[in-house]
Amino acid sequence: MGLFTKRYHPPGTTPGTLTAVTRTSEQRPLRISLLDYDEDRITELPDASLADCISHTSDSKASWIHVQGTPEPELLHALGEAFGLHGLALEDVLNSGQRPKAEVYDGQFFVIMGRPVWRDGELSMEQVSLFLLERLVISFHQGEGDPFEPIRRRLRGASNGGFNQRTADYLYYALIDVVIDEGFPLLEILGERIEDLEDELLENPGQGTLNDIHRLKRELLLLRRMLWPHREVLNVLLREEDRLIQPGIKLYLRDCYDHTIHIMELLEAYRDMAASMLDVYLSSVSNRLNENMRILTVIATTFMPLTFIAGLYGMNFDRASPWNMPELGWRYGYPAVVTVMVVVMIGMVGYFRRKDWL
Amino acid sequence: MGLFTKRYHPPGTTPGTLTAVTRTSEQRPLRISLLDYDEDRITELPDASLADCISHTSDSKASWIHVQGTPEPELLHALGEAFGLHGLALEDVLNSGQRPKAEVYDGQFFVIMGRPVWRDGELSMEQVSLFLLERLVISFHQGEGDPFEPIRRRLRGASNGGFNQRTADYLYYALIDVVIDEGFPLLEILGERIEDLEDELLENPGQGTLNDIHRLKRELLLLRRMLWPHREVLNVLLREEDRLIQPGIKLYLRDCYDHTIHIMELLEAYRDMAASMLDVYLSSVSNRLNENMRILTVIATTFMPLTFIAGLYGMNFDRASPWNMPELGWRYGYPAVVTVMVVVMIGMVGYFRRKDWL
Amino acid sequence: MGLFTKRYHPPGTTPGTLTAVTRTSEQRPLRISLLDYDEDRITELPDASLADCISHTSDSKASWIHVQGTPEPELLHALGEAFGLHGLALEDVLNSGQRPKAEVYDGQFFVIMGRPVWRDGELSMEQVSLFLLERLVISFHQGEGDPFEPIRRRLRGASNGGFNQRTADYLYYALIDVVIDEGFPLLEILGERIEDLEDELLENPGQGTLNDIHRLKRELLLLRRMLWPHREVLNVLLREEDRLIQPGIKLYLRDCYDHTIHIMELLEAYRDMAASMLDVYLSSVSNRLNENMRILTVIATTFMPLTFIAGLYGMNFDRASPWNMPELGWRYGYPAVVTVMVVVMIGMVGYFRRKDWL
Amino acid sequence: MGLFTKRYHPPGTTPGTLTAVTRTSEQRPLRISLLDYDEDRITELPDASLADCISHTSDSKASWIHVQGTPEPELLHALGEAFGLHGLALEDVLNSGQRPKAEVYDGQFFVIMGRPVWRDGELSMEQVSLFLLERLVISFHQGEGDPFEPIRRRLRGASNGGFNQRTADYLYYALIDVVIDEGFPLLEILGERIEDLEDELLENPGQGTLNDIHRLKRELLLLRRMLWPHREVLNVLLREEDRLIQPGIKLYLRDCYDHTIHIMELLEAYRDMAASMLDVYLSSVSNRLNENMRILTVIATTFMPLTFIAGLYGMNFDRASPWNMPELGWRYGYPAVVTVMVVVMIGMVGYFRRKDWL
Amino acid sequence: MGLFTKRYHPPGTTPGTLTAVTRTSEQRPLRISLLDYDEDRITELPDASLADCISHTSDSKASWIHVQGTPEPELLHALGEAFGLHGLALEDVLNSGQRPKAEVYDGQFFVIMGRPVWRDGELSMEQVSLFLLERLVISFHQGEGDPFEPIRRRLRGASNGGFNQRTADYLYYALIDVVIDEGFPLLEILGERIEDLEDELLENPGQGTLNDIHRLKRELLLLRRMLWPHREVLNVLLREEDRLIQPGIKLYLRDCYDHTIHIMELLEAYRDMAASMLDVYLSSVSNRLNENMRILTVIATTFMPLTFIAGLYGMNFDRASPWNMPELGWRYGYPAVVTVMVVVMIGMVGYFRRKDWL
């Protein structure tokens, strides 16, 4: 994942401008779904047109418009007109890569969240934008795969106890909850990677381990930057006294808030682990360097004197003079020298053994 | 202890869902005990059935239901129905590995705590969940051994002054106090390990020491992550103005709070010590490397010139020419060369001695 | 960019003193522009004289005096007299290199901002000073190039939706917004540099990489120091309850505030990345050192014994004695010695292979 | 000083339990002194019995009971009964090694402080516990030597201006002040040790220096842990609005508070110095390693080619063939080779000099 | 500058004691000046006696007593009596080396500041103590050179706009402002030193560079410790609602406050730079170590095999056996061996070139 992922208009552009910033590579096909429900019934329009959404009026307890994929400026403009969405909010929906935040406008809540996705061993972040209006939720997800499918299944009354409260604010909470809880499986994966790296570190560390640790640190850093503001998002929602969110829903949001705290603490702990692993890596490298050095020192220290002695008796001094290398003429000269060599060697080995080097 | 120990439902599951998450390896047999007491009498039912608990009504001042082991979803469901326990709380009881927290629902307090356990040289955390209702405490402990046995002994009027106040809120405090105070013996063990490691570090450090320091750091990190939220738990209980906890109990809870602070400060100090030990380890390794290097340099520097001189006079130049190696023909050539060698050697040794290398 | 860029009078000078501090190298030519607008019309005076500004009175909804370049003390003095600007504020306009800050005087807002500029691979900071009075904005920019040209284009009713609200406070917001948003392209450039450095680091690190990382860290540090106080500036403006800024503008300022937070978080993440890169660099250097060492050790360990053996049989002991080097007279002496050498070599290579050194 | 010095009862013990925790080695003989004073007179009972204290009633303005040494549970129990001291407080007096804290019970103040003592080059902490009641101060000191002797001298009207206000709360302040001010001489000693270590570091660092730095860091860490909570103790006393402490005394306590802040800042600065010293130590070690390496490289690089050349002409090729080593037969072969050697050597030395290695 | 510079009485001394602590070396001659002024006139008594000061009464708008040098206890005592100065404050004036602080007594403000002085390449701190009473300022400066001379010049109506408001509180502000603003030239000097060190670091780092960085870090640390509390001093003055300081002066004090913040931020940035420089230094050392190692490895790896080959053919096996060293008898034996050597050498050089070592 790149370090800088925000999309922005050139400085000085009018705020609320809805023209596409052209980074065409990220475009994803668009699909709008519409869903209407009461305590006891549910109406789905899985592939709605823009007109369907705009002309949509209903007296059911809650409606949900979900826009999947990269939205076009015209679509946003039309939705904004139809439902009175704030211009600054729409600009943030368009320019993905925003920092998660919650904004409370008059009569509407707007939340941007980051959905961390682990795909093909690569971490990326997909922007989720959520509007809460009176009896209406509008959600945008710029990425592959619809994270809200389980919610839809629950609304249809399928498994897992269904939907506790069939109101727009509960739906709003449920969508936020899904995005936040996707952090847990991701952290489980990362936790396993850290433990694998730790094993590798203790058994057979190499330059690859180093690069892996660096990549891990980078991912944890980016993940932390992404997820940290979620805490603030929930804080804003919990603090706000607005009739759009009933007091009973606050309890659920507080549970959500606890999850973000838990995730942040895990991330902090992972970061500490990664830092500690780097220290251990460096220490292991130093240790191995030391071991190499020791071996080299032992070898050099053992053989250098021996080679010198051998060289000494390889000199060609004129034996005519009795002063020149008489040892060469001794009867037991060679065995004596070899004995000296063996003694030197044993002395060396003994010395190193006493120093715990062998 | 693993890095990631939380159990969770897949994202998008209805909050409050009570289906077991299958990590069967951790299952522990279930045992429920029931205890009823007044100022002057106490009734115990050490092996109660679920029905006993549910049908249990009493006009005594306080009742205590303790569930030891991994609870089944059905049990939790039934208890929740019988006593009006909140669904989110029950889900947290089921999905162990939760972050400690205190939750105040209407007419009930709910606290999750982590009980750090040191077993077979391995640190693990067992979840303790505590409900406080009107004249009733329900506690869950997912782990081996019952940490609340001393409380039961005190209630029975045994040694150590018995039980100061025979009310449910005092019992609630006493259970929290036990879990927090178990941190002290653990920290004492860790403190001794740190001091042992320090001795090892100064006397005979090796790769094993490094791994031990890493393990220690990891344990301190995990322990800190576990125990840090206890502070917040007690904060919530101290702040709450609710008739469930009488003002007189606050004094005891504040004492408890001081203990968590003391434990956290000790942990911080330990972490600083561990970080400092790693630095010292790295320095020692560098020092040893330096020493090896010095020996190697001394040996090489001493013998290389000597070997060169020996090699010089081992050359086979044709002695017919008077210009070629006349030294070989000198009467005292050999002694002269040996003298030169000895002088070189003494010069080297003197040089190194002046440099404080020998 | 230098570490210390503030200009100051000698300690003890009267506050509000408007004499030039002579650092003449930084002088830039002065140009004043005057702009007057209502909902539907706009009057521009692109090259106004000081007299134009001072004598300027208008009943349009908003006027804007922009001073581009290094202002002279006399100019500031005259402007201060004409519009009642505070002496301390004018001193700060003159002594550039001030820390960004917002000051609320009676009936006037004063904001100093730092505009980070990346020119010729060099980071520098240009001071922007902004006064907001009743229906009047006075802006100063000490640097090259006018950052406010896009605003002027929008006021003229050109592209990009024009100007939402034609009031002085909206203009004030728009100017602040431009300066802050210039951080994003800068951060994009820095983000790319970091990623380039990361690639270089993994592929071919050298002393140049180290110096680049150091320069990067330094720039991030300076940038952070410059931009950090912007957060506080916006905080002051958001907190202030004054009729100079209408409540509707606060929403826009809050958007601005979110941008400063986003920028600071990116900077923090970059700093963490840079720190991590330095660690990886150091580790790589250690790794290479280790590899060199290993090669040296392998070579030395392999050849030293062989050279010793060769030296041994180069000794010149007197072969007359049967005890002296009888091996030299053996029929297969030479092949035997060579065989021993080959065996030693193979043993060494095998040993190193088992140790994963080859 | 050990890392873990707290004494505690096993988890689950009734709070307020007053049974001795047996660490007999630390027992110190007990001595109780009783002191009664008014504006103009003073009564001392330097060796009072328990009965004296309990039966003690007085209408003087202030009384002071000081218990020196390790108190027995029975004594504490009796004092608690006689003066209505809180059970939790008495338990903390008994179990020394507590974290400093201030507790405000109804009608009594209770303060635990740590008195840092530097004895025989060893740092230790002695617990001081102070009760303030109506017109009565009860103090406990578990350690050697009575730190409150100067107070007694001042009360007796001796030198140094005597006692400003002859009330119990002023006495309470004076006792706290003594314990806190004992930090200054200790910090002066530590400051000198740091400066000595710095000199040693720059002149002649070794493994001993490393161990000294580690010990210093450890002591600073422990000292900080001990003294940090004093700040909070004074905060509690300053905040509390209680008739036991008159407003006029607050001014003195604020002075005390400033001293704790000063001490903590000094400690932080010392810790930074110690960390910086460790860095310098590591750098010095690296520098020396580098120097050794350089010497080795110079020696090896200079002699290896020479030795090779010497070895070359030590080969025994059959001179019968005119292709084999004709140099050996040249008239000036030997001088030529020696000249080559000298040239190589001079070249090497020149190269190293250009590289600033010699 | 020493680490511990505070002067203190032995613990247990009565607070407010005014006896000299004998560190005679620091004594500086005493000089008292007296200054009286109104809107339009000014009376100076440059060398006043103690009696002049005490008997001094005046109905002018403001008086200023300045005591330059180390004050004697008697002088302080007399001043304290005459003007009702608080005993604790006077003790702090006497015991220099105090932590900067602001104290608000009834009817008097007392401020201690630290004036950082850079003299002969050495950093030191001189204590400035300032009392503000009704229409009277009393200032003490323990050090060389009078920092307040510019103020006096301004009061005399000299250059630089004179004195804005001729009241005691404005004078009080002006004195504080002078002391704080002296930080800027000091920081400019330090900034230049850092940039010089950076250049040295990139070009030619050595042990001297390391010691300089350490000294710099130490100075920054001490400076930070000194100047940090100034922030708090100004906070106290800004917060205080007292008739001694008129609201109009607050604006000036806020400007002062901004300067302290600016200074602290510069100091923090400098500290970060210094830390980063140490990292770069360590990396450079590692890099050079690596380069040395590489050279050594190249030399050893190139010459060791050659020397071995030379040694091989220096063996003296009996050529009578056709198996022994037949190469020596070959016609082209020598050229062949030299060719082999050259090939080995070229191979080595090629290998190292491919590895980017040459």
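Keep in mind that this is a model prediction, so the values were computed, not measured. Here the residue numbering is sequential within each chain, running from 1 through the sequence in written order. In the order they appear in the text, chains get letters beginning with A and ligands get numbers beginning with 1. The predicted nature of this model means local features are confined to residues of pLDDT at least 70 and side-chain atom pairs, given and counted, to a pLDDT of 80 or more, with totals for whole chains, interfaces and linings taken over all residues.

## A closer look at the overall build of chain A
Thinking step 1. Only runs of H or I of at least four residues qualify as helices and only runs of E of at least two qualify as strands under DSSP, and these elements are numbered from the N terminus. If you tally the helices and strands in chain A, you get 9 helices and 7 strands.
Thinking step 2. At 36 Å, chain A has a C-alpha radius of gyration far larger than the 21 Å of a compact globule built from 358 residues.
Thinking step 3. When the backbone C-alpha atoms are referred to their principal axes, chain A occupies close to 125 × 45 × 35 Å.
Thinking step 4. A residue is called partly exposed when the number of other C-beta atoms within 10 Å of its own lies between 12 and 20, exposed at 12 or fewer, and buried at 20 or more, with C-beta atoms placed from the backbone. Relative to its full complement of 358 residues, chain A shows a buried share of 45%.
Thinking step 5. The contact criterion used is a C-beta to C-beta distance within 7 Å, with each C-beta placed from the backbone. Restricting to contacts in chain A with at least 6 residues of sequence separation, those with at least 24 account for 67%. With C-alpha atoms as the basis for the radius of gyration, the globule rule is written as 2.2 Å multiplied by the number of residues raised to the power 0.38.

## Comments concerning the relation of the copies chain B and chain D
Thinking step 1. It takes a turn of 72° to lay chain B on chain D, together with a shift of 0.1 Å along the axis; the resulting RMSD is 0.1 Å. The transformation just described matches what one would write down for a five-fold rotation axis. When C-alpha distances to the rotation axis are compared across chain B, the minimum falls at Gly314 of chain B, with a value of 4.5 Å.
Thinking step 2. Here only 16% of the interface residues in chain B have copies in chain D that are interface residues too; the copies meet through unlike faces. Here the copies were fitted onto each other by least squares, based on C-alpha atoms from residues at pLDDT of at least 70 in both.

## Details of unusual backbone geometry
Residues and elements named next belong to chain A.
Thinking step 1. Although it is not a glycine, Arg135 sits at a positive phi angle of roughly 55°.
Thinking step 2. By secondary structure assignment, the location of Arg135 is in the loop between β6 (122-133) and β7 (136-142).
Thinking step 3. Residue Arg135 is classed as partly exposed on the basis of its C-beta count, with 16 C-beta atoms lying within 10 Å.

## A look at the packing of helix α6 (residues 183-203) of chain D against helix α7 (residues 207-239) of chain D
Residues and elements named next belong to chain D.
Thinking step 1. Lines fitted to C-alpha atoms define the axes here, with helix axes fitted over just the stretch in contact, and angles between the N-to-C directions of these axes take values from 0 to 180 degrees. Running from amino to carboxyl end, α6 crosses α7 at an angle of 155°, the nearest separation of the two axes being 11 Å. Taken together, the axes of α6 and α7 lie roughly antiparallel to each other. When you trace α6 past α7, the crossing you get is left-handed. Contacts between α6 and α7 pair Gly183, Arg193, Ile194, Leu197, Glu200 and Leu201 from the former with Thr209, Asp212, Ile213, Leu216 and Leu227 from the latter.
Thinking step 2. Among the residues forming the contact of α6 with α7, the class breakdown is 6 nonpolar, 2 polar and 3 charged. In this scheme, roughly parallel covers angles under 35 degrees and roughly antiparallel covers those over 145, while 65 to 115 is roughly perpendicular and the rest are oblique. If you view the pair so one helix is near and one far, a crossing is left-handed when the near helix is turned anticlockwise from the far one by less than a right angle, and right-handed when it is turned clockwise. In this classification, Asp, Glu, Lys and Arg are treated as charged, Ala, Val, Leu, Ile, Met, Phe, Trp, Tyr, Cys and Pro as nonpolar, and every other residue, Gly included, as polar.

## Comments concerning the interface of chain B and chain D
Thinking step 1. Across the contact, 57 residues belong to chain B and 49 residues belong to chain D.
Thinking step 2. Breaking the side of chain B that touches chain D down by element, the ones donating at least two residues are α4 (149-155), α5 (168-181), α6 (183-203) and α8 (247-312) of chain B.
Thinking step 3. The element that contributes the greatest number of residues to the side of chain B that touches chain D is α8 of chain B, accounting for 30 residues.

## Observations concerning the environment of Gly311 of chain A
Residue and element names in this part refer to chain A.
Thinking step 1. For Gly311, the position within the fold is in helix α8 (residues 247-312).
Thinking step 2. A tally of 31 C-beta atoms within 10 Å means that Gly311 is categorised as buried.
Thinking step 3. For Gly311 and Gly87, which are 224 residues apart along the polypeptide, the C-alpha to C-alpha distance reads 90 Å.

## Structural notes on the sheet that holds strand β4 (residues 101-105) of chain E
Residues and elements named next belong to chain E.
Thinking step 1. Here, strands pair whenever DSSP counts at least two bridges between them. Within the open sheet, the 7 strands sit side by side as β2-β1-β3-β7-β6-β5-β4. Their pairing is mixed. Of all the strands in the sheet, the pair left with one neighbour each is β2 (42-48) and β4. For this sheet, the mean inter-axis angle between neighbouring strands, taken without regard to orientation, is 15°.
Thinking step 2. Direction of pairing for strand β6 (residues 122-133) relative to strand β7 (residues 136-142): antiparallel, over a ladder of 7 bridges. Bridge pairing links Leu132 to Val137 in β7.
Thinking step 3. Along the sheet face, helix α5 (residues 168-181) touches β3 (62-68), β5 (108-119), β6 and β7 and points at about 170° away from the line of β6.

## Quick notes on the pairing of strand β5 (residues 108-119) of chain D
All names here are of chain D.
Thinking step 1. For β5, the tally of buried residues reaches 9 of 12 residues, placing the bulk of the element in the interior.
Thinking step 2. The pairing of strand β4 (residues 101-105) with β5 spans 5 bridges and is antiparallel. Residue pairing in the sheet places Glu103 in a bridge with Phe110 of β5.
Thinking step 3. Hairpin geometry of β4 and β5 is characterised by an intervening segment of 2 residues between the two adjacent antiparallel strands and by a positive phi of about 80° at Gly107.

## Observations regarding the sheet that holds strand β2 (residues 42-48) of chain B
Backbone hydrogen bonds are what pair the strands of a sheet, in a parallel or an antiparallel way.
All names here are of chain B.
Thinking step 1. Sheet architecture is open: 7 strands sit in the order β2-β1-β3-β7-β6-β5-β4, paired in mixed fashion. The open sheet has two free edges, formed respectively by β2 and β4 (101-105), since each of these has just one partner strand. Each adjacent strand pair in this sheet contributes to an overall mean axis angle of 15°, direction not counted.

## Some points on the domain arrangement of chain A
Thinking step 1. The assigned domain composition of chain A is domain 1 (24-284) and domain 2 (313-354).
Thinking step 2. The straight-line distance from the C-alpha centre of domain 1 of chain A to that of domain 2 of chain A is 82 Å. By convention here, the domain bounds are inherited from an automatic or database domain assignment.

## Observations concerning the UniProt feature "transmembrane region" (unreviewed entry) in chain A
Thinking step 1. UniProt positions are given in the numbering used here, feature names are shortened, and annotations may be inferred rather than shown by experiment. Within this structure's numbering, the places UniProt gives as "transmembrane region" (unreviewed entry) are residues 295-313 and 333-352 of chain A.
Thinking step 2. Between the C-alpha atoms that bound residues 295-313 of chain A there is a distance of 28 Å. The span itself is 95% helix and 0% strand.

## Section: α6 of chain D
Residue and element names in this part refer to chain D.
Thinking step 1. In this analysis, the expected span of each helix is defined as 1.5 Å times one less than the number of residues it contains. Given a rise of 1.5 Å per residue, 21 residues ought to cover 30 Å, and the 30 Å separating the end C-alpha atoms of α6 matches this to within 8%.
Thinking step 2. Three or more residues of α6 are buried, namely Gly183, Phe184, Leu187, Leu190, Ile194, Leu197 and Leu201. Along the axis of α6, the buried positions cluster into a sector of 135°, meaning they face one direction only. For α6, the exposed residues set more than 90 degrees away from the buried face come down to Asp196, Asp199 and Glu203. This arc corresponds to the set of directions leading from the helix axis out to the C-beta atoms.

## Focus on the interface of chain C and chain A
Thinking step 1. Tallying the contact residues gives 57 residues for chain C and 49 residues for chain A.
Thinking step 2. Listed by contribution, the elements that provide at least two residues to the side of chain C that touches chain A are α4 (149-155), α5 (168-181), α6 (183-203) and α8 (247-312) of chain C.
Thinking step 3. Tallied by class, the residues present in the side of chain C that touches chain A amount to 25 nonpolar, 19 polar and 13 charged.

## Overview of the environment of Leu312 of chain B
Residues and elements named next belong to chain B.
Thinking step 1. Within the element layout of this structure, Leu312 appears in helix α8.
Thinking step 2. Owing to 24 C-beta atoms within 10 Å, Leu312 belongs among the buried residues under this scheme.
Thinking step 3. When the C-alpha atoms of Leu312 and Thr209 are compared, they prove to be 49 Å apart, with 103 residues separating the residues in sequence.

## Examining the environment of Asn204 of chain A
All names here are of chain A.
Thinking step 1. Note on placement: Asn204 falls in the loop between α6 (183-203) and α7 (207-239).
Thinking step 2. By C-beta crowding, Asn204 is classed as exposed, having 11 other C-beta atoms within 10 Å.
Thinking step 3. Each C-alpha atom of the pair Asn204 and Tyr173 lies 47 Å from the other, and the pair is 31 residues apart in sequence.

## Regarding the pairing of strand β2 (residues 42-48) of chain D
Residues and elements named next belong to chain D.
Thinking step 1. For strand β1 (residues 31-37) and β2, the ladder comprises 5 bridges, and the chain directions are antiparallel. Directly across from Tyr37, in β2, lies its bridge partner Ile42.
Thinking step 2. Taking the residues between adjacent antiparallel strands as the criterion, β1 and β2 are bridged by 4 residues.

## Concerning α7 of chain D
Thinking step 1. In this model α7 of chain D runs 49 Å from its N-terminal to its C-terminal C-alpha over 33 residues, within 8% of the 48 Å that 1.5 Å per residue would give.
Thinking step 2. Taking the largest bend as the criterion, α7 of chain D deviates by roughly 25°, centred on Arg225 of chain D, and proline Pro229 of chain D comes between one and four positions later. Here the bend at a residue is taken as the angle between two axes, fitted respectively to the seven residues that end there and the seven that start there.

## Quick notes on the packing of helix α7 (residues 207-239) of chain C against α8 of chain C
Residues and elements named next belong to chain C.
Thinking step 1. Contact geometry of α7 with α8 gives a least axis separation of 9 Å together with a crossing angle of 160°. By the criterion of interaxial angle, the relationship of α7 to α8 is roughly antiparallel. The hand of the α7/α8 crossing is left-handed.
Thinking step 2. Of the residues belonging to the contact of α7 with α8, the class tally is 22 nonpolar, 3 polar and 6 charged.

## A few points about the confidence of the model for chain A
All names here are of chain A.
Thinking step 1. The pLDDT value expresses, per residue, how confident the predictor is, ranging between 0 and 100. In the predicted model, chain A carries a mean pLDDT of 85, and the fraction of residues at 70 or more is 95%.
Thinking step 2. Here helix α1 (residues 50-54) stands out as the element of chain A with the lowest mean pLDDT, 82, in contrast to β7, whose mean of 93 is the highest.
Thinking step 3. Scored as a complex, the prediction yields pTM 0.82 and ipTM 0.77.

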